[in-house]
Amino acid sequence: AIVVIGQVFDVTVAVFHRDWVEVFQQALVLGEILGCPVWYRPHPKDKGKLEAVASGFPGVLPFEGSFAECLSGHVLFVQNSGVGYEGLLSWAPLVAFGRSDYAFAAIDGARPVSEIAEAVAGWDPEAALAAVGGMQVNRMCSTWSDARFDAALQEILRRHLGRI
């Protein structure tokens, strides 16, 4: 499935990001190409604004699970939410529509949908994580102090940094 992850509507979102209508339109087209449903998961503080936009698209369904459940086995559409970092850590294909610290490791939402579909099909989560680089990875992992995860990430970086 494709999960459109919401964030709080504020001045930053309004100025630096794509219109949510456009994001949902692209998600629906990609869903048709990939043969999968499109869901949305609003930010807890959104107060109904994303639902109002999503209600204009009959093919978009609310995702009833938690943010953590969104990350499991789904293609994520984000503006620049912190959930994008979590998506990279969960190896989820990530399509970013706004400016973010991790945009270079995500699929660019400004690309044509056919190119997004190809990028999703060829998604290499290890390469995406490696592209984030040492400083970014350390910043992302500051709250993820799990020795097994740290060891796995070290191995990914060791294997892929030479190719980037």
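Residues numbered from 1 in each chain as written. Predicted model: local features only at pLDDT ≥ 70, side-chain atom pairs only at ≥ 80, totals over all residues. Heavy atoms only, no water.

1. Considerations on the overall build of the protein
- For the protein, the count of helices and strands is 8 helices and 6 strands.
- When its helices and strands are written in sequence order, the protein yields β-α-α-β-α-β-α-β-α-β-β-α-α-α.
- Looking at the 164 residues of the protein, the share that counts as buried comes to 48%.
- In the protein, 58% of the contacts between residues at least 6 apart in sequence involve partners at least 24 apart. (Helix = DSSP H or I, 4+ residues; strand = E, 2+ residues; numbered from the N terminus. Buried < 20%, exposed > 50% of the residue type's maximum accessible area, 1.4 Å probe, protein only. Contact = heavy atoms within 4.5 Å.)

2. Looking at the nonpolar core
- Counting 46 residues, the largest nonpolar core has Val 4 and Phe 77 as the members making the most contacts within it.
- When neighbours within four sequence positions are excluded, Val 4 is seen to be in contact with Trp 20, Val 23, Phe 24, Ala 27, Val 38, Trp 39, Tyr 40, Arg 41 and Phe 77. (Core = buried A, V, L, I, M, F, W, Y, C linked by side-chain atoms within 4.5 Å.)

3. Regarding the sheet that holds strand 2 (residues 38-41)
- With parallel pairing, the 6 strands of this open sheet are ordered in space as 3-2-1-4-5-6. The sheet terminates laterally at strand 3 (60-62) and strand 6 (107-108), the two strands that pair on one side only.
- One ladder, built from 3 bridges, connects strand 4 (residues 75-78) with strand 5 (residues 94-96); its direction is parallel. Its bridge partner lying in strand 5, Phe 77 is registered against Val 95.
- Here helix 2 (residues 20-34) sits on the sheet in contact with strand 1 (2-5), strand 2, strand 3 and strand 4, set at roughly 170° to strand 1. (Pairing = 2+ DSSP bridges. Axes fitted to C-alpha atoms, helices over the stretch in contact; angles between N-to-C directions.)

4. A look at helix 6 (residues 113-121)
- Looking only at helix 6, the buried set comprises Val 113, Ile 116, Ala 117, Ala 119 and Val 120. All buried residues of helix 6 fall inside an arc of 165° around its axis, so they share one side. Turned more than 90 degrees away from the buried face of helix 6 sit Glu 118 and Ala 121, all of them exposed.
- Looking at the buried side of helix 6, the elements it contacts are helix 2, strand 4, strand 5 and strand 6. (Arc of directions from axis to C-beta.)

5. Observations concerning the confidence of the model for the protein
- The predicted model of the protein averages 78 in pLDDT, with 77% of residues at 70 or higher.
- Between the elements of the protein, mean pLDDT differs from a low of 52, seen in helix 1 (residues 11-16), to a high of 94, seen in helix 6. (pLDDT = per-residue confidence, 0-100.)

6. Description of a nonpolar patch on the surface
- Nonpolar side chains collect at one region of the surface, where Val 29, Ile 33 and Leu 34 lie side by side and expose about 230 Å² of accessible area between them.
- For Val 29, a relative accessible area of 40% corresponds to the partly exposed category. (Patch = residues over 30% accessible without salt bridge, like charges linked within 9 Å, V, L, I, M, F, W, Y side chains within 5 Å. Areas by Shrake-Rupley, 256 points an atom, 1.4 Å probe, with all protein chains shown as cover. Salt bridge = Lys/Arg side-chain N within 4 Å of Asp/Glu carboxyl O.)

7. Let's talk about the environment of Gln 25
- With respect to the helices and strands, the residue Gln 25 is situated in helix 2.
- Sequence-wise, Gln 25 and Val 60 are 35 residues apart; in three dimensions their C-alpha atoms are separated by 9.7 Å.

8. A closer look at the pairing of strand 1
- Side chains of strand 1 alternate between two faces, with Ile 2 and Val 4 and Val 3 and Ile 5 buried alike.
- The pairing of strand 1 with strand 2 spans 4 bridges and is parallel. What sits directly across from Ile 2, in strand 2, is Val 38.

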